[in-house]
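# Inside the fold
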Amino acid sequence: MTDNFLHVRLKGSNKLLKEKNMDEKFLIIGLGNPGREYRNTRHNVGFMIVDNLAHKFDAKFTRIQFNSLLLNIKIDGNNIYLAKPQTYMNNSDQAVLALIKFYKIELGNLIICNDDLDLPLGTLRIRGSGGSGGQKGINSIIEGLGTKEFPRLRMGIGRPPGRMDAADYVLKDFSQEEQNIVADAIDRSVEAIMLFIEKDIESVMTKYN
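Each value, and the rule that gives it
- Residue numbers here run from 1 along each chain, matching the order of that chain's written sequence.
- It should be noted that, the model being predicted, local features are given only for residues of pLDDT at least 70 and side-chain atom pairs only at 80 or more, the latter also being counted only at that level, while totals for whole chains, interfaces and linings use all residues.
- As a rule here, side-chain values come from all non-hydrogen atoms in the structure, and water together with hydrogens is ignored.
- The definition of a nonpolar core used throughout is a set of buried Ala, Val, Leu, Ile, Met, Phe, Trp, Tyr and Cys residues joined through side-chain atoms within 4.5 Å.
- When accessible area is computed with a 1.4 Å probe and restricted to protein chains, residues below 20% of their type maximum are described as buried, those above 50% as exposed, and intermediate ones as partly exposed.
- In this description a helix means any DSSP run of H or I spanning at least four residues, a strand means any run of E spanning at least two, and both kinds are numbered starting from the N terminus.
- Contact definition: two residues touch when any of their heavy atoms are within 4.5 Å.
- Any two strands with at least two DSSP bridges between them are considered paired.
- Geometry is summarised by axes, namely lines fitted to C-alpha atoms with helices restricted to the contacting stretch, and by angles between N-to-C directions that run from 0 to 180 degrees.
- Oblique is the label for every angle not falling under 35 degrees (roughly parallel), over 145 degrees (roughly antiparallel), or within 65 to 115 degrees (roughly perpendicular).
- Should the near helix be turned anticlockwise from the far one by less than a right angle, the crossing is left-handed, and should it be turned clockwise, the crossing is right-handed.
- Charged means Asp, Glu, Lys or Arg here, nonpolar means Ala, Val, Leu, Ile, Met, Phe, Trp, Tyr, Cys or Pro, and polar covers whatever is left, Gly included.
- Any Lys or Arg side-chain nitrogen located within 4 Å of an Asp or Glu carboxyl oxygen qualifies as a salt bridge.

## A word on the nonpolar core
Ile28, Leu82, Ile126, Leu153 and Met155 are the most contacted members of the largest nonpolar core, which totals 38 residues. Per element, the largest residue contribution to this core is nine residues, and it comes from helix H5 (residues 176-198). Apart from the residues lying within four places of it in its own chain, the contact partners of Leu153 are Ile49, Ile111, Ile112, Cys113, Asn114, Leu124, Arg125, Ile126, Ser189, Ala192 and Ile193. Membership of the second largest hydrophobic core comes to 18 residues, among which are Leu70, Met89, Ile100 and Phe150.

Structure, rendered in structure tokens:
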């Protein structure tokens, strides 16, 4: 497959701000669980976002490296790796740390896309740093990196109904009624990432948070 790359300029806190340069490397990671049985579950919205982003550039995940499905896109001389860790959610750090180390990715050029139970369905939150909010994939990455200072894009999946356990809820498929909301949120997530290319995280936060 021809190497393709997507340039995304991601800026988090003041520590991450830098001038826009050419020929930089970036890593966009969608969190989820591998396997057909998890494909359309709430916990896999991170996978859905990067899949949608890849589709925008007619690219497909056909390469496996460091326990991740990986593809490369190039725009304006800047390189981005899109990755979907295949380690299962709780062990996401194993893939993320290996990719960061091998490709020498600066943390300011990393963004993690994941689900969030505490946000209403379809709501987006973009931050340059912060805690895990109980999301086990993010928690594993924070522990592995030893820092909370990396950008992330969170998409709300809503709270479980009644007394349903959260661990069961995140592994449920979206209902037919919810699918339009989810599709719209995924589209907005891709737009938000693309806005990083043109501007900065403050602009994205203002528009999408």
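## Focus: the pairing of strand E5 (residues 110-116)
Most of E5 sits inside the fold, with seven of its seven residues counted as buried. Summarising the sheet, E5 and strand E7 (residues 152-156) pair through five bridges and their orientation is parallel. Paired with Asp116 across the two strands is Gly156, which belongs to E7.

## Observations concerning the packing of helix H2 (residues 92-103) against helix H3 (residues 136-145)
Here H2 crosses H3 at 45°, and the two axes come no closer than 8 Å. Here H3 runs oblique to H2, going by the angle between their axes. Between H2 and H3 lies a crossing of right-handed hand. Taken together, the residues of H3 that come into contact with H2 (itself represented by Ser92, Asp93, Val96, Leu97 and Ile100) are Gly137, Ser140, Ile141, Gly144 and Leu145. Grouping the amino acids of the contact of H2 with H3 by side-chain chemistry returns five nonpolar, four polar and one charged.

## Side note on the pattern of salt bridges
Under the counting rule described, the total for this entry stands at five salt bridges. For Arg159, the salt bridge goes to Asp118, with nearest N and O atoms at 3.0 Å. Of this pair, Arg159 sits in the loop between E7 and helix H4 (166-169) while Asp118 sits in the loop between E5 and strand E6 (124-127), placing them 41 residues apart in sequence. With a shortest N-O distance of 3.0 Å, Asp184 and Arg188 are connected by a salt bridge. Of the two residues, Asp184 and Arg188 are both situated in helix H5; the distance of four residues between them amounts to about one turn of the helix. Arg188 gets classed as partly exposed once you look at its relative accessible area, which sits at 23%.

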